[in-house]
Amino acid sequence: MLTVDDDPAVSRAVARDLRRRYGQDYQIVRASSGTEALDALREIKLRGGRVAVLLADYRMPQMNGIEFLEQGMDLFPHARRALLTAYADTDAAIQAINLVDVDHYLLKPWDPPEEKLYPVVDELLAAWRSAGEREVEDVKVVGHRWSAPSYKIRDFLARNLVPYRWFGADEPEGRRLLEAAGVGPESIPLVVTADGQPLAAPTAAEVAAAVGLSTAPVRDFYDLIIVGGGPAGLGAAVYGASEGLHTVLVERRAIGGQAGQSSRIENYLGFPDGVSGAQLTERARRQAGKFDAEVLTTRDVVGLSVRGGARVVRFGDGTELSAHAVIIATGVSYRPLVAPGVTELTGRGVYYGSAATEAMACAGTDVFIVGGANSAGQAALFFCRYARSVTLVVRGDSLERSMSYYLIQQIASVDNIQVRTGTEVIEAHGDEHLEAVSLCDSKRTALATLPAEHMFVFIGAEPHTEWLDSVVARDPRGFVYTGPDLLSGGQRPAGWDRDRDPYYLESSVPGVFAAGDVRANSVKRVASAVGEGAMAVTLIHRYLEAQ
Ligand SMILES: Cc1cc2nc3c(=O)[nH]c(=O)nc-3n(C[C@H](O)[C@H](O)[C@H](O)COP(=O)(O)OP(=O)(O)OC[C@H]3O[C@@H](n4cnc5c(N)ncnc54)[C@H](O)[C@@H]3O)c2cc1C
């Protein structure tokens with residue numbers, strides 16, 4: 001643990017209090033300026049040490065606490081961070097929460113430490129241990145740069161916030177690992193877990209289980225099952241579990257949903273400087289965990305049924321799980337881009353959504369982004385920082401109808417982003433990986449074939465709710481009808497067996513609710529998804545009370 005304060009008396013006092021409680025297990029390093037603290041961190045890094053907690057005073061000459069934490073994060077991104085402030089600096093401390101993702105701020109003085117200091121540090125240590133830096137060194141992935149299965153595993157680990165080290169199968173260390181695991185290059189990707197267990201060409205579920213992500217429920221019966229781990233599902237998990245419901249969230253891929261892919265969410269309340277989707281997801285996951293919500297990953301829900309008072313979800317492997325109530329929070333996902341070459345090159349230069357794992361590989365290359373909504377705009381602004389050129393391919397004849405004004409303004413101010421409206425992709429070319437794309441205009445007249453190494457597709461988000469067929473009423477595109485939308489001409493939906501109207505977020509099946517993007521006529525935003533998740537829980541309490 002490192003603590004930095006320019007006031008020698010305060011610095012001594014913090015170190016003394018930390019030593020008293022944590023001295024047995026942790027080394028406490030004390031510094032009297034940001035520069036000195038950074039030197040200490042560099043030395044720890046070189047010695048191969050790890051840092052659990054950074055505790056910095058806000059008001060320091062030359063380099064203030066926020067500036068220090070920002071640079072400290074570059075060296076030890078997993079160290080948990082806290083800022084020491086005087087009462088007058090509370091505003092600055094709150095800002096720091098957004099700027100450098102500070103976990104806590106502590107008001108001086110912190111006496112008695114048992115009440116004001118140790119609970120905070122205990123929480124920081126618990127968070128550090130669970131998301132630990134240890135794993136950075138340990139989980140290894142060996143694969144090929146342009147292999148779709150290798151990309152899938154990397155993307156899966158990254159989106160589930162599991163740190164890993166990547167080795168090309170043709171690099172010396174990659175070859176050594178393959179040899180040690182006794183497999184050849186045909187078995188890639190190879191995943192080697194923290195405890196040295198090799199998994200050749202594993203499924204996402206096998207990787208999840210091996211790296212410690214939960215995949216199996218602890219109970220047979222829950223108060224609440226949430227299907228989908230995007231903002232709506234995570235919001236529901238936090239509110240459900242914190243209000244005493246036995247809650248399990250089931251996610252098919254990686255928690256965070258669409259928002260987890262966002263490079264910077266700028267319009268979510270409370271984050272004036274924006275927040276990355278990964279950061280928001282990590283915070284939400286910790287918050288849900290704090291209240292004991294169970295989170296299962298790699299579990300695909302493929303069916304829903306009603307058995308008396310129980311609502312039963314069926315998983316892809318045929319097993320089932322029951323609860324008093326269910327929230328469907330499965331959001332939307334992108335429609336496939338139908339053009340020759342696209343399917344063959346998916347994962348090898350063509351990606352759906354924003355593949356942050358590819359950012360470095362885009363350095364100096366030509367990138368195409370397909371789509372005209374905010375998600376595409378954000379991706380253009382993200383990848384232009386790495387790529388030589390970014391071309392935004394938009395089918396509509398302007399961006400104004402589909403993208404927020406602030407994004408259009410930002411895009412216009414960036415030199416290496418070109419916007420091509422009234423344009424579509426008609427073919428993707430390449431053997432081993434994407435090499436070029438062909439474009440046409442709205443009359444399908446060929447325009448050009450241009451070099452491209454990466455293409456990110458953001459078109460036609462659809463709900464994919466076929467698994468609710470003949471159980472839950474949906475609109476023609478598959479979005480789930482809820483509440484007032486179910487009452488046609490004042491009539492309740494077919495099969496409705498209660499002497500009340502469906503609650504606002506309740507589907508055509510009593511006790512089954514929908515929240516977020518999957519809901520018909522919902523606002524497709526992070527804030528509304530989180531809000532609906534929370535609201536659904538309140539309505540579930542009402543539903544349970546009347547049972
Ligand atoms: C790149 C990008 C940037 C964006 N930026 C912004 C922004 O800046 N501001 C803003 O307000 N909004 C933004 N949005 C929109 C916002 O992210 C969505 O409105 C929000 O994520 C919707 O949340 P949700 O929980 O309803 O659904 P989703 O985020 O779509 O999450 C649904 C989850 O359910 C899982 N799932 C689906 N089916 C199943 C199943 N059968 N079984 C188990 N799990 C399942 C999915 O894997 C997914 O994780 C952005 C979207 C994208 C793609």
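Participant: Explain the environment of P172 to me, and be specific about the residues and the numbers.
Facilitator: Structurally, P172 is set in helix α9 (residues 172–181). For P172, a relative accessible area of 48% corresponds to the partly exposed category. Linking P172 and L157, residues 15 residues apart in sequence, is a C-alpha distance of 23 Å.

Participant: Now, about the packing of aromatic side chains: what can you tell me, with residues and values included?
Facilitator: Per the stated rule, a full pass over the model turns up nine aromatic pairs. Here the aromatic rings of Y334 and F458 are separated by 5.5 Å at their centres, their planes lie at 75°, and the arrangement is edge-to-face. Taken together, the residues Y334 in the loop between β15 (320–328) and α14 (342–345) and F458 in the loop between β23 (454–457) and β24 (512–514) connect sequence positions 124 residues apart. Accessibility assignment for this pair places Y334 and F458 in one class, buried. One aromatic cluster is present, built from ring pairs that chain together Y151, Y351, F382, F383, Y386 and F456. For the cation-ring pair, R145 lies above W146, with the distance from its terminal atom to the ring centre recorded as 4.1 Å.

Participant: Tell me what's going on with a negative patch on the surface, and back it up with residues and numbers.
Facilitator: On the surface, a cluster of negative charge is made up of D431, E432, E435 and E453. Here E453 shows up in the loop between β22 (446–451) and β23. Overall, the relative accessible area of 31% leaves E453 in the partly exposed class.

Participant: I'd like a description of the pairing of strand β7 (residues 165–168), backed by residues and values.
Facilitator: Where strand β6 (residues 140–143) meets β7, four bridges bridge the pair, whose relative direction is parallel. If you follow G143 over to β7, its bridge partner there is G168. Each parallel crossover has a hand, and the one from β6 via helix α8 (residues 148–159) to β7 is right-handed.

Participant: Any details on the sheet that holds strand β9 (residues 198–200)? Residues and values, ideally.
Facilitator: Across the sheet, four strands lie side by side as β7-β6-β8-β9; this open sheet has mixed pairing. The sheet is open, and its two borders are formed by β7 and β9, each paired with just one other strand. Strand-to-strand, the axes of this sheet are offset by a mean angle of 20°, without reference to chain direction. Along the sheet, α8 makes contact with β6, β7 and β8 (190–192), crossing β6 at roughly 160°.

Participant: Summarise the layout of surface pockets; cite the residues concerned and give the values.
Facilitator: For the second largest pocket, the calculated volume is near 1,700 Å³. Per-element accounting of the lining of the second largest pocket gives the leading share, six residues, to helix α13 (residues 277–290). Among the residues making up the lining of the second largest pocket, the classes are represented as 20 nonpolar, 13 polar and 15 charged.

Participant: I'd like a description of the site of the ligand, backed by residues and values.
Facilitator: In the vicinity of the ligand, 34 residues are found, and the nearest of them are E251, Q258, Y334, Q378 and D517. Taking A232, its main chain carries an N or O atom lying 2.9 Å from an oxygen atom of the ligand. At a separation of 3.4 Å, an oxygen atom of the ligand approaches a polar backbone atom of V332. When isolated, the ligand has an accessible area of 1,000 Å², and the protein chains bury 95% of it. Elements represented by at least two residues in the shell around the ligand include exactly α11 (231–242), α12 (257–260), α15 (374–383) and α17 (526–545). Classifying every residue of the shell around the ligand by side-chain character gives 15 nonpolar, 12 polar and seven charged.

What counts, and where the lines are drawn
- Residues numbered from 1 in each chain as written.
- Predicted model: local features only at pLDDT ≥ 70, side-chain atom pairs only at ≥ 80, totals over all residues.
- Heavy atoms only, no water.
- Helix = DSSP H or I, 4+ residues; strand = E, 2+ residues; numbered from the N terminus.
- Buried < 20%, exposed > 50% of the residue type's maximum accessible area, 1.4 Å probe, protein only.
- Phe/Tyr/Trp six-rings, centres within 6.5 Å; stacked < 30°, edge-to-face > 60°.
- Lys NZ or Arg CZ within 6 Å of the ring centre and 35° of its normal.
- Patch = residues over 30% accessible without salt bridge, like charges linked within 9 Å, V, L, I, M, F, W, Y side chains within 5 Å.
- Areas by Shrake-Rupley, 256 points an atom, 1.4 Å probe, with all protein chains shown as cover.
- Salt bridge = Lys/Arg side-chain N within 4 Å of Asp/Glu carboxyl O.
- Lys, Arg positive; Asp, Glu negative; His and termini not counted.
- Charge placed at Lys NZ, Arg CZ, Asp CG, Glu CD.
- Pairing = 2+ DSSP bridges.
- Right-handed = clockwise from strand over helix to strand, strands pointing away.
- Axes fitted to C-alpha atoms, helices over the stretch in contact; angles between N-to-C directions.
- Contact = heavy atoms within 4.5 Å.
- 1 Å grid on protein atoms, 1.4 Å probe; cavity = no way out; pocket = protein on both sides within 12 Å on 5 of 7 lines; lining within 4 Å.
- Points joined across faces, edges and corners; volume = space filled by probe spheres on them.
- Nonpolar A, V, L, I, M, F, W, Y, C, P; charged D, E, K, R; others polar.
- Near = heavy atom within 4 Å.
- Polar contact = N/O pair within 3.5 Å; in protein donor to acceptor, adjacent residues only side chain to side chain.

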